[in-house]
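Architecture at a glance
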Amino acid sequence: KAGVTQTPRYLIKTRGQQVTLSCSPISGHRSVSWYQQTPGQGLQFLFEYFSETQRNKGNFPGRFSGRQFSNSRSEMNVSTLELGDSALYLCASSLPRGQTSIGANVLTFGAGSRLTVL
Amino acid sequence: GQNIDQPTEMTATEGAIVQINCTYQTSGFNGLFWYQQHAGEAPTFLSYNVLDGLEEKGRFSSFLSRSKGYSYLLLKELQMKDSASYLCAVRANRRADDYKLSFGAGTTVTVRA
């Protein structure tokens, strides 16, 4: 069973540019969440999508956006990049907790997209 | 906001035991997760606690006290491959359709020979 796939794995952008990151969840997982990971800050929640609808959003500026397609694949976009946007962006997919063996929706993470803004 | 605290770094010897503490102050509580993250890799799920008490899974155990807002992850018989970052995360919202987790900054564990 394939895991969560994120592309690209590494990218370098300059300030003011925009970037689009892609995430393919585990087959059958309809929920996709995005997190930003930086040293010292840990993982910060960006947003979560389910059946093409954004169900939850973290405290990030409007430059951060996302969407989900009918096949559950998701993209996130960051516009007008700033130096502080340099981070590892992690995508995670999950089943509803009622469909898991432990009764909790466990997030399965992808390896991430490492963004460097110069 | 949610506040989740864990030590930044810990060092232990191969074969020893290490306990990673996590304290949380969140607007609500609906479960606590521990994840392991090796450098350059994806976080992977280790354990889940929603009721008070100890959950044991092989060499790893996790404990929860909801009244104290406290959890720990116990790693026994440490191996070199256990060198990694350990992330404590809390699901604060009871809504069934809210999957958001609030993470601590992570504890880097270094296992020495």
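Residues numbered from 1 in each chain as written. Chains lettered and ligands numbered in written order. Predicted model: local features only at pLDDT ≥ 70, side-chain atom pairs only at ≥ 80, totals over all residues. Heavy atoms only, no water.

1. Side note on the pairing of strand β5 (residues 44–49) of chain B
In this sheet, β5 of chain B lies alongside strand β4 (residues 32–37) of chain B in antiparallel orientation, the contact comprising five bridges. Bridging from a neighbouring strand, Gln-36 of chain B pairs with Thr-44 of chain B of β5 of chain B. (Pairing = 2+ DSSP bridges. Helix = DSSP H or I, 4+ residues; strand = E, 2+ residues; numbered from the N terminus.)

2. Details of the pairing of strand β3 (residues 18–25) of chain B
Residue and element names in this part refer to chain B. Along β3, the buried face is formed by Val-18, Ile-20, Cys-22 and Tyr-24; none of Gln-19, Asn-21, Thr-23 and Gln-25, which line the opposite face, is buried. Both β3 and strand β8 (residues 70–75) contribute to a ladder of six bridges, which runs antiparallel. Considered in β8, the bridge of Thr-23 is made with Tyr-70. (Buried < 20%, exposed > 50% of the residue type's maximum accessible area, 1.4 Å probe, protein only.)

3. A look at the environment of Arg-73 of chain A
Residues and elements named next belong to chain A. Residue position: Arg-73 is located in the loop between β7 (64–68) and β8 (74–78). Looking at Arg-73, the relative accessible area reads 24%, which means it is partly exposed. C-alpha of Arg-73 to C-alpha of Phe-47: the two residues are 26 residues apart in sequence and 14 Å apart in space. The contacts of Arg-73, once residues within four sequence positions are left out, are Ser-22, Cys-23, Ser-24, Pro-25, Arg-67 and Gln-68. Looking at Arg-73, its side chain comes within polar contact range of the side chain of Glu-75, at 3.4 Å. (Contact = heavy atoms within 4.5 Å. Polar contact = N/O pair within 3.5 Å; in protein donor to acceptor, adjacent residues only side chain to side chain.)

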